[in-house]
Amino acid sequence: MLKLAGRSTQFRDAVARELNLKSSQSVTKPSRRSRRFRRSFDGGDTRDTCHYHPGQLEDEIFEFMSQTPEGRIFKVLKSVSMWSCCEEEPGSVGCIDVLVVGHLKFHRSATKPTYGSPEDFGKAIEELKRTFPGEDIVSTDPEDVYNHGFSVNDYHPGISHSVVVYPSTTEDVVKIVKIATKYRMPITAYSGATSLEGQFRGYFTGGICIDMSQMNQILEINEADSDLVCQPGVGWVEINDTLRDKGIPLFFPIDPAPSATLGGMISNGCSGTNAVRYGTSKGEWFLNVTVVLPSGEVIKTRRRSRKSSAGFDTTKLFIGAEGTLGIITEGSRQFFLRRWPLFTFRIGVGIQCVELLDDVFMHAVNNFGQSGRTWPVKDTLFFKLQGHNDTSLRDTAKVVKEVAEKYGGFGFQLAKNDKEADDLWHDRKNAHYSGLALVPGSRPIATDVCVPVSRLPDLVYETKKDLSTLGLVAPIVGHVGDGNFHAQIMFTNDAQLAVAKEAVERMVHRAIAMDGTCTGEHGVGIGKKKYLVEELGAGTVELMKMVKRTLDPLGLFNPGKLYPDDDENKTQ
C-alpha cells in the first residue's frame, strides 16, 4: 500500500479517507516538484480558490517514500490527481476522490467509486424531469426501467435502472452526464439491446439508463467518398435498406444481429458473418466518433479523410469499450462503406462468408418452421460467394463444391436467384431464435470464443464432445471462416445453469490455451470479464483500468462491466 502525504492537512485527510488510512499514520512528507494543471467541471478558473462543489480535479507531481508488502522502502515520483475539497462536509456527494495515475509493479491500493445515496438519486431524477419537461423523455415506469436492464436472449440476471432518459441530441446527453456527475449516479447507455454478456444491465445501486433510440437519423450520405454520417440509434439493416432504396451501389458489411444499432455495434466491437471478407468493427469501418466524455466534454476523434497518421487512433479507444469511457452520440460518426467489389480472391475463390451450423442447429432450423425448405440434420456449411458476373460466381461455386466433396461434403446446393439466396441466408441469421425454440421456456447461455483458423477444428470437436456430455441442448453455430464460433446452451433451472457455466469456462480456457480469445464478437460485459487477465495479462488489464480511471475518475460510466474486479485479478 502506498503511504501518501500531501502539502496540507486537507490533502492528507483526503488521501487517508479514500485509501482507508488513519490520518495520524506516520508518513514521509513529499516535496512538490511541479504543478501541472487545475480545472473545474464548470470551466471556471480555479487557480486561487476552491469555490465549487463537487470540487476541482487537480494534478500534482509528488516525491515521496513508499513501501512494498515485503517492507522494502523506496522513493517514488508520482503524479496524483485528486478532487480538492470544497466547503461541503467530508464524504458528501462528489466531495473527495483520489486517483493515482501511474502503475508500480508492487502493491497498489485502488479506491472504489463512491456513488450517491437513494436520496441523491431521487434529487437527480427530479432535476432530469425539470431539465427535460417533455412527455416520455424521462421515465421511471417500473416496467420500462426493468426492461432496459433485462434480456431474454442471455442468462444474466436482470437489474433495473432507476430512470430511463431518451435524449434527442448530443447536448441532451451532456446535460444528463452533468446531472449524473453532480449526484454521483451511474450511467448506462442503451442501444439495440442485442448484446449477450449483460452490457446494458443496471447497476445494483441504481442509475440512469440513456436510451439512444430517438437519435436514429442518417445525417448525410457521401456517395463519392463511400461513407456516411449517422446517429447511434440507426441500425445497420436500416442503413443498407436506405442505400438500396436510393439506388446507391454501396453497402455496410458489418452484420451482427438484425436489430443491432451502430452505437452498440461500436461499443461492443462487433463483427458478423461478413468478417471473412470485410473484417470487424475494429478495422477501418468507423472513421470517427463523436463522444460525450464523463467530464461532459464533447470530442470528435478525427476527421473524415480515409486515412490519417495524426497521432494514435482515438476512435479505436471507444470501439469495444462498452460505454465505460464515453457515450457515442450523433452527427460526427462516419461509416466507411465500400462498393461491391469486383471479383476479389481469398485463397483462390471469392468467398465472403463461411458459416457452420451443427446437426443440432439444423434440427432447430427445421423445427422453427420459418424456412422454406427442410434441411438434412447434418453438420452444414453455409457459403456466401462474390463475383463480378454470373460466370465468375459459377466458377467460384464449382471450386467450393469440389473442395467440399473432396473432404466428405455432400448435398451441395447453389441459390438460383437473389430471393433464394436471401431465404437461404435468412435461415442462418435466424439461428439464435431457432435454438431458443428447441426448449420451450428455456433461457440460453449464448457464448462465443475465437481461435486462429488452423486451430478451429480442434476447438470445435473438443467442445462438441464436451457439450454432448451435459445432458442439455447445446447447438453450435460459427463464423468459421475467421475462427469464431458460438455455443447456445439451453437451461430451465439453476442446476442446469451451473452445469452450463462450467462448460463455458472449459470452452474459454480451451480457446485461450490455443492462443485465442474468450470472445470474438460478443464483448466482455459481465460474463467474460473474469477471463481478461488470463487472456491479456495483468499488465494489459491494468493499462485498460488506468485509461478508465483517467477518463472516468468517478467511475460513473457503465460500472461493473468489462474490467475485472480486483479479487478476480488476485485469483488469476
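Note that this is a predicted model, so its numbers are computed, not measured.

### Details of the overall build of the protein
And then number 1: Looking only at helices and strands, the protein features 17 helices and 21 strands.
And then number 2: Long-range pairs, those at least 24 residues apart, make up 68% of the contacts in the protein with a sequence separation of at least 6.

### Focus: the nonpolar core
And then number 1: Grouped together as the largest cluster of nonpolar side chains are 68 residues, with contacts concentrated most on Phe252 and Ile489.
And then number 2: In terms of residue count, the dominant contributor to this core is helix 14 (residues 494-513) (8 residues).
And then number 3: In this structure, Phe121, Ile179, Tyr203 and Leu556 belong to the second largest nonpolar core, which totals 28 residues.

### Quick notes on the pairing of strand 20 (residues 476-479)
And then number 1: Of the two faces of strand 20, the one holding Ile476 and Gly478 and the one holding Val477 and His479 are both buried throughout.
And then number 2: Of the pairings in the sheet, the one linking strand 17 (residues 351-357) to strand 20 comprises 2 bridges and is antiparallel in character. From the neighbouring strand, leucine 357 faces strand 20, where its bridge partner is valine 477.
And then number 3: Across 4 bridges, strand 20 lies against strand 21 (residues 484-491) in antiparallel orientation. What sits directly across from glycine 478, in strand 21, is phenylalanine 485.

### Some words on the side chain of asparagine 222
And then number 1: Structurally, asparagine 222 is set in strand 9 (residues 218-222).
And then number 2: Side-chain polar atoms of asparagine 222 contact the side chain of glutamate 220, separated by 3.2 Å.
And then number 3: With residues near it in sequence (within four places) discarded, asparagine 222 still touches Asp227, Leu228, Val229 and Arg304.

### Some points on the sheet that holds strand 8 (residues 208-211)
And then number 1: Taken in spatial order, the 4 strands line up as 5-6-8-7 in an open sheet, and their pairing is mixed. Here the strands that pair on one side only, and so sit at the sheet edges, are strand 5 (138-139) and strand 7 (187-190).
And then number 2: Here 4 bridges tie strand 7 to strand 8, and the two strands are oriented parallel to one another. By the bridge assignment, alanine 189 is partnered in strand 8 with isoleucine 210.
And then number 3: Helix 2 (residues 118-131) rests against strand 5, strand 6 (163-165) and strand 8 of the sheet, and its axis sits at about 25° to strand 6.
And then number 4: Contacting strand 6, strand 7 and strand 8, helix 4 (residues 170-182) runs over the sheet at an angle of about 175° to strand 8.

### Focus on helix 10 (residues 390-406)
And then number 1: Relative to the 24 Å expected for 17 residues at 1.5 Å per residue, helix 10 spans 24 Å between its end C-alpha atoms, a close match to the ideal helical length.
And then number 2: Restricting attention to buried positions, one finds in helix 10 the residues Ser392, Thr396, Ala397 and Val400. Looking straight down helix 10, one finds its buried side chains confined to an arc of 135°; they lie on one side. Away from the buried face of helix 10 by more than 90 degrees, exposed residues Asp390, Lys398 and Lys406 are located.
And then number 3: Buried residues along helix 10 sit in contact with strand 17 and strand 18 (380-385).

### Description of the environment of glutamate 220
And then number 1: Position of glutamate 220 among the secondary structure elements: in strand 9.
And then number 2: Sequence separation between glutamate 220 and cysteine 230 is 10 residues, and the spatial gap between their C-alpha atoms is 7.0 Å.
And then number 3: Those residues in contact with glutamate 220 that sit more than four places away from it in its chain are Leu228, Val229 and Arg304.

### Re the packing of aromatic side chains
Within a pair of aromatic rings, the relevant descriptors are the distance that separates the centres and the angle that separates the planes.
And then number 1: For the structure on display, the rule yields 9 aromatic pairs.
And then number 2: Judged by centre distance (5.2 Å) and plane angle (80°), the ring pair of tyrosine 190 and phenylalanine 200 falls under edge-to-face. Remark: phenylalanine 200 occurs in the loop between strand 7 and strand 8 and tyrosine 190 occurs in strand 7; sequence separation between them is 10 residues.
And then number 3: Through a chain of ring-to-ring contacts, three or more aromatic side chains come together here, namely Tyr115, Tyr203 and Phe204.
And then number 4: One Lys or Arg, arginine 201, reaches over the ring of phenylalanine 200 and ends 5.8 Å from the middle of that ring.
And then number 5: Between arginine 277 and the ring centre of tyrosine 278, over which it is positioned, the NZ or CZ distance is 4.7 Å.

### Considering the sheet that holds strand 18
And then number 1: Across the sheet, 5 strands lie side by side as 18-17-20-21-19; this open sheet has antiparallel pairing. Edge positions in the open sheet fall to strand 18 and strand 19 (443-450), since each of these has one partner strand only. Adjacent strand axes in the sheet meet at a mean angle of 20°, parallel and antiparallel pairs treated alike.
And then number 2: Packed onto the sheet, helix 9 (residues 359-368) meets strand 17, strand 18, strand 20 and strand 21 and runs at close to 90° relative to strand 17.
And then number 3: Lying on the sheet, helix 11 (residues 418-429) is in contact with strand 17, strand 18 and strand 20; it crosses strand 18 at an angle near 130°.

### Let's talk about unusual backbone geometry
Working note: non-glycine residues mostly have negative phi, and peptide bonds are mostly trans.
And then number 1: The phi dihedral of aspartate 136 falls on the positive side, at around 65°, and the residue is not glycine.
And then number 2: Assignment of secondary structure puts aspartate 136 in the loop between helix 2 and strand 5.
And then number 3: For asparagine 558, which is not glycine, the phi dihedral falls at a positive 45°.
And then number 4: Mapped onto the elements of the fold, asparagine 558 is located in the loop between helix 16 (538-551) and helix 17 (566-571).
And then number 5: Among the residues examined, asparagine 558 registers a relative accessible area of 3% and is labelled buried.

### Describing the packing of helix 2 against helix 4
And then number 1: The geometry of helix 2 relative to helix 4 is characterised by a closest axis approach of 10 Å and an angle of 155° between their N-to-C directions. Here helix 2 is positioned roughly antiparallel relative to helix 4, judged by the angle of their axes. Two packed elements cross with a definite hand, and for helix 2 against helix 4 that hand is right-handed. Of the residues in helix 4, those in contact with Ala124, Glu127, Leu128 and Thr131 of helix 2 are Lys175, Ile176, Ile179 and Lys182.
And then number 2: Per-class residue counts for the contact of helix 2 with helix 4 are 4 nonpolar, 1 polar and 3 charged.

### Some points on the packing of helix 13 (residues 456-467) against helix 14
And then number 1: The interhelical angle for the contact between helix 13 and helix 14, taken along N-to-C directions, is 165°, at an axis separation of 11 Å. Relative to helix 14, helix 13 is oriented roughly antiparallel. The crossing of helix 13 and helix 14 is right-handed. Residues Leu459, Glu462, Thr463, Asp466 and Leu467 of helix 13 pack against Ala503, Arg506, Met507, Arg510 and Ala511 of helix 14.
And then number 2: The residue inventory of the contact of helix 13 with helix 14, partitioned by class, reads 5 nonpolar, 1 polar and 4 charged.

Conventions and cut-offs
- Residues numbered from 1 in each chain as written.
- Predicted model: local features only at pLDDT ≥ 70, side-chain atom pairs only at ≥ 80, totals over all residues.
- Heavy atoms only, no water.
- Helix = DSSP H or I, 4+ residues; strand = E, 2+ residues; numbered from the N terminus.
- Contact = heavy atoms within 4.5 Å.
- Core = buried A, V, L, I, M, F, W, Y, C linked by side-chain atoms within 4.5 Å.
- Buried < 20%, exposed > 50% of the residue type's maximum accessible area, 1.4 Å probe, protein only.
- Pairing = 2+ DSSP bridges.
- Polar contact = N/O pair within 3.5 Å; in protein donor to acceptor, adjacent residues only side chain to side chain.
- Axes fitted to C-alpha atoms, helices over the stretch in contact; angles between N-to-C directions.
- Expected span 1.5 Å × (residues − 1).
- Arc of directions from axis to C-beta.
- Phe/Tyr/Trp six-rings, centres within 6.5 Å; stacked < 30°, edge-to-face > 60°.
- Lys NZ or Arg CZ within 6 Å of the ring centre and 35° of its normal.
- Parallel < 35°, antiparallel > 145°, perpendicular 65-115°, else oblique.
- Left-handed = near helix turned anticlockwise from the far one by under 90°.
- Nonpolar A, V, L, I, M, F, W, Y, C, P; charged D, E, K, R; others polar.

Everything listed here is a matter of geometry and, on its own, says nothing about what the molecule does.
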